[in-house]
Amino acid sequence: MSVIDALLTFSFAAVLLTLTPGLDTALILRTATVEGRKQAIRAALGISVGCLIWGVAVAFGLGALVAVSELAYDILKYCGAAYLSWLGINMLVHPRKKFAVADSSEKPASNWFLKGVLGNALNPKVGIFYVSFLPQFIPQGHSPLIWTFWLVSIHMTIGLIWSMMLIGATRPLTSLLRKEKVIRWMDRTTGIIFLLFAARLAFSKR
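Residues numbered from 1 in each chain as written. Predicted model: local features only at pLDDT ≥ 70, side-chain atom pairs only at ≥ 80, totals over all residues. Heavy atoms only, no water.

1. Examining the packing of helix α2 (residues 23–34) against helix α10 (residues 180–202)
The geometry of α2 relative to α10 is characterised by a closest axis approach of 10 Å and an angle of 165 degrees between their N-to-C directions. The orientation of α2 relative to α10 falls into the category roughly antiparallel. The crossing of α2 and α10 is left-handed. Contacts between α2 and α10 involve Leu23, Ala26, Leu27, Leu29, Arg30, Thr33 and Val34 on the former and, on the latter, Ile183, Met186, Asp187, Thr190, Ile193, Phe194 and Phe197. (Axes fitted to C-alpha atoms, helices over the stretch in contact; angles between N-to-C directions. Helix = DSSP H or I, 4+ residues; strand = E, 2+ residues; numbered from the N terminus. Parallel < 35°, antiparallel > 145°, perpendicular 65-115°, else oblique. Left-handed = near helix turned anticlockwise from the far one by under 90°. Contact = heavy atoms within 4.5 Å.)

What follows is the structure, encoded as structure tokens:
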């Protein structure tokens, strides 16, 4: 496979992967509609950093360890499921009552950047995907280390572009989404989605 073919094929596959609705999409939509554009951008950046963490791990061999070690996979899997469950339960039990527009001088109510990072960093599926998927697009004779970072960067860029599109699509609905009933429904719905993802992750097999 030539360099151009590898880049084009991987980019197409990454677009399809990114457009498939999942936990990242739910997190971005919820944050954009309930906490606003700035917090959603922080979450999107956190998600990208989570991908980068796995990219570094895979590039230096940790991802391969998780792929072959049942214990390592299970530990990370259950940590991720516990974290998602904690987020989901909090949204179900303590949904927001109003939309608070954060002032630039105020400290954000929630660290959505960190939540975005942990959401991906604690999901072993990302690592397994990178380990099994990325090597197929590394041209023969090229450095696996350099190409792993290059391909992960492409995936991150596509993810950020899609996140910005999702964030932009919520702006016309801001007035509606500031209503208490809508915010409560959004929080509880997202909480249920997070719990479903936690269960799916906890019972998943490699």
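2. As for the side chain of Asn123
Along the chain, the position of Asn123 falls in the loop between α6 (112–121) and α7 (124–133). Beyond its immediate chain neighbours, meaning those up to four positions away, Asn123 contacts Trp54 and Leu201.

3. Observations regarding the UniProt feature "transmembrane region" (unreviewed entry) in the protein
As recorded in UniProt, the sites labelled "transmembrane region" (unreviewed entry) are residues 6–29, 41–69, 75–93, 145–164 and 185–203. Along residues 75–93 one finds 100% helix and 0% strand; the C-alpha atoms at either end are 27 Å apart. For residues 185–203, the helix share is 95%, the strand share is 0%, and the end-to-end C-alpha distance is 27 Å. (UniProt positions renumbered as here; feature names shortened; annotations may be inferred.)

4. Some remarks on the packing of aromatic side chains
What describes a pair of aromatic rings is the distance from one ring centre to the other and the angle between the planes of the rings. For the coordinates displayed, the defined rule picks out three aromatic pairs. Geometrically, the ring pair formed by Phe10 and Phe137 is edge-to-face, given 5.5 Å between the ring centres and 70 degrees between the ring planes. Taken together, the residues Phe10 in helix α1 (residues 3–19) and Phe137 in the loop between α7 and α8 (144–170) connect sequence positions 127 residues apart. In terms of burial, Phe10 and Phe137 fall into one category: buried. Geometrically, the ring pair formed by Phe60 and Phe149 is edge-to-face, given 6.2 Å between the ring centres and 65 degrees between the ring planes. Highlighted residues: Phe60 in the loop between α3 (37–59) and α4 (62–68) and Phe149 in helix α8, separated in sequence by 89 residues. Exposure remark for Phe149: the relative accessible area of 26% places this residue in the partly exposed category. (Phe/Tyr/Trp six-rings, centres within 6.5 Å; stacked < 30°, edge-to-face > 60°. Buried < 20%, exposed > 50% of the residue type's maximum accessible area, 1.4 Å probe, protein only.)

5. Comments concerning the pattern of salt bridges
Enumeration according to the criterion identifies two salt bridges in this entry. The residue Arg30 makes a salt bridge to Glu35 at a minimum N-O spacing of 3.5 Å. On the basis of relative accessible area, Arg30 is assigned to the buried category, the value being 3%. Between Asp187 and Arg30 there is a salt bridge; the shortest N-O distance is 2.8 Å. Of this pair, Asp187 sits in helix α10 while Arg30 is found in helix α2, placing the two residues 157 residues apart along the sequence. Under the relative-accessibility criterion, Asp187 is labelled buried at 1%. (Salt bridge = Lys/Arg side-chain N within 4 Å of Asp/Glu carboxyl O.)

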